[in-house]
Amino acid sequence: MPRHLIYAANWKLHHGPAAARRYAEKFQELVGPRPGRELWFFPPAVSIAATANAFRGRGDVRIGAQNVSAEPKGAFTGELSIAMIEEVGATAALVGHSERRHVFGETDAETGRKVAALARAGLTPVLCVGEQLTEREAGRTDEVVLRQLAAGLDGLAAEELHRLVIAYEPVWAIGTGRNATPGDAAAVHRVIRRELEIRGARERIPILYGGSVNAGNALALLAEEELDGVLVGGASLDPEVWAAIVGFG
Ligand code: 13P
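This part takes up the site of the ligand. Around the ligand sit 13 residues in total, of which H97, E169, G175, S212 and G233 are the nearest. For the ligand, whose free accessible area comes to 310 Å², the fraction covered by protein is 95%. By residue class, the composition of the shell around the ligand is 4 nonpolar, 7 polar and 2 charged.

Take the environment of P17 next. Relative to the assigned elements, P17 resides in helix α1 (residues 17–30). Among all residues touching P17, those that are not within four sequence positions of it are V46, S47 and A50.

With that out of the way, let us pick up the packing of aromatic side chains. The geometry of two aromatic rings is summed up by the distance between their centres and the angle between their planes. Under the criterion given, the structure shown has 10 aromatic pairs. Between the aromatic rings of W11 and Y23, the centroid separation amounts to 4.5 Å while the plane-to-plane angle is 55 degrees, which identifies the pairing as tilted. Of this pair, W11 sits in the loop between β1 (5–10) and α1 while Y23 sits in helix α1, placing them 12 residues apart in sequence. Taken individually, W11 and Y23 each receive the classification buried, so the pair is uniform in this respect. Between F27 and F41, the aromatic rings sit 5.4 Å apart at their centres with planes inclined by 85 degrees, giving edge-to-face as the arrangement. In this pair, F27 sits in helix α1 while F41 sits in strand β2 (residues 37–42), placing the two residues 14 residues apart along the sequence. On the basis of relative accessible area, F41 is assigned to the buried category, the value being 0%. One aromatic cluster is present, formed by W11, Y23, F27, F41 and F55 through successive ring pairs. Cation over ring: R62 sits above W40, and NZ or CZ is 4.4 Å from the ring centre.

Rules behind the numbers
- The residue count restarts for each chain, going from 1 along the sequence in the order it is written.
- In view of the model being predicted, local features appear only for residues whose pLDDT reaches at least 70, and side-chain atom pairs are presented and counted only at 80 or more, with totals across whole chains, interfaces and linings using the full set of residues.
- Note that the side-chain values use all heavy atoms of the structure and ignore hydrogens as well as water.
- We call a residue near a molecule or strand whenever a single non-hydrogen atom of that residue lies within 4 Å of it.
- Values of accessible area rely on a 1.4 Å probe in the Shrake-Rupley scheme; residue burial ignores everything except the protein chains shown.
- Ten residues, namely Ala, Val, Leu, Ile, Met, Phe, Trp, Tyr, Cys and Pro, are considered nonpolar, four, namely Asp, Glu, Lys and Arg, are considered charged, and the remaining ones, Gly among them, are considered polar.
- Each helix is a run of H or I in the DSSP string that is no shorter than four residues. Each strand is a run of E no shorter than two, and both are numbered from the N terminus.
- Note on contacts: a residue pair qualifies if any of its non-hydrogen atoms lie within 4.5 Å across the two residues.
- Note on aromatic contacts: the rings of Phe and Tyr and the six-membered ring of Trp form a pair at centre separations within 6.5 Å, being stacked when their planes are under 30 degrees apart, edge-to-face when over 60 apart, and tilted otherwise.
- Throughout this description, buried means an accessible area under 20% of the type-specific maximum (1.4 Å probe, protein chains only), exposed means over 50%, and partly exposed covers the range between.
- Two limits define a charge over a ring: the Lys NZ or Arg CZ must be within 6 Å of the ring centre, and within 35 degrees of the ring normal.

This is how it looks when you write it as C-alpha cells:
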C-alpha cells in the first residue's frame, strides 16, 4: 500500500495573523498538493482564521488548534471551545502537548476529556504522548506512554478510535536538538500501535513522531514504516525550511 504521510507544523507561540498570511503565501509558492501527503498547521489560536483563509482551496492542508477546552461554554477565562475553533477554520486540535502537560500542568484526566469532546464534535484529536529523560533513563518509557495513552483514550469507544491521530514526542527531544533515533521512535510507535489494536482499533491510526525533527534527520526518521508523519516545531517556522522538509518524503 502506498504510504500516506502527515507533515504537521506546530508553530507554538510564533506567527500572529499577518505573519501567518505571509508564511502561507510563501509556502504555497514553493509547495503544491501531492498525493499521499497531508500538510497540517497548528498556528496560535488568533492566527487560525488567517491561516485557514490563506490556504483556502488546498484540499491537502488542514488547520488545527494547539489546545482547546473540553467545556462547551461557561466561566472559563482564557479558554476556547471546540465550536469556536471550528468556526474559524480548525478541523483538529493538539491535546496534551508536552508543554501543556509540563509547563501548564495539564493532567492526564484533562487530556481524556478533550480527546472525547473533540472526537464527538467531529474534529481530529492529535493526542501527544511522550516520556521525560529521567523516565527514559529509568527504563519507564513504555509504561509512561501507555499510561498517557490510556488516560487520553479513556472516554472513547472502540468505534471512535479511527478519529484519532497520536503524536509520540519524547520530552527530552523537544526543542533540544536531540532527536530519538529512527529505531527508538519506531519501537515506541509499535508499542502504541499494539495498544490501539488491543483497544479495538480496526484501521491504522496515524502515529506521528515529534522532537527536533529537521532537514537533516526527517528523511531517516520517515524511512521507518512505523512513522506516519512528523510533528515539527522549530523547523516548521520558516516556510522555506518547512517546504524543503515536506518535499523530501
Ligand atoms: P521541535 O521540533 O522544536 O523540537 O518541537 C517539537 C514539538 O514540540 C512539536 O509539537
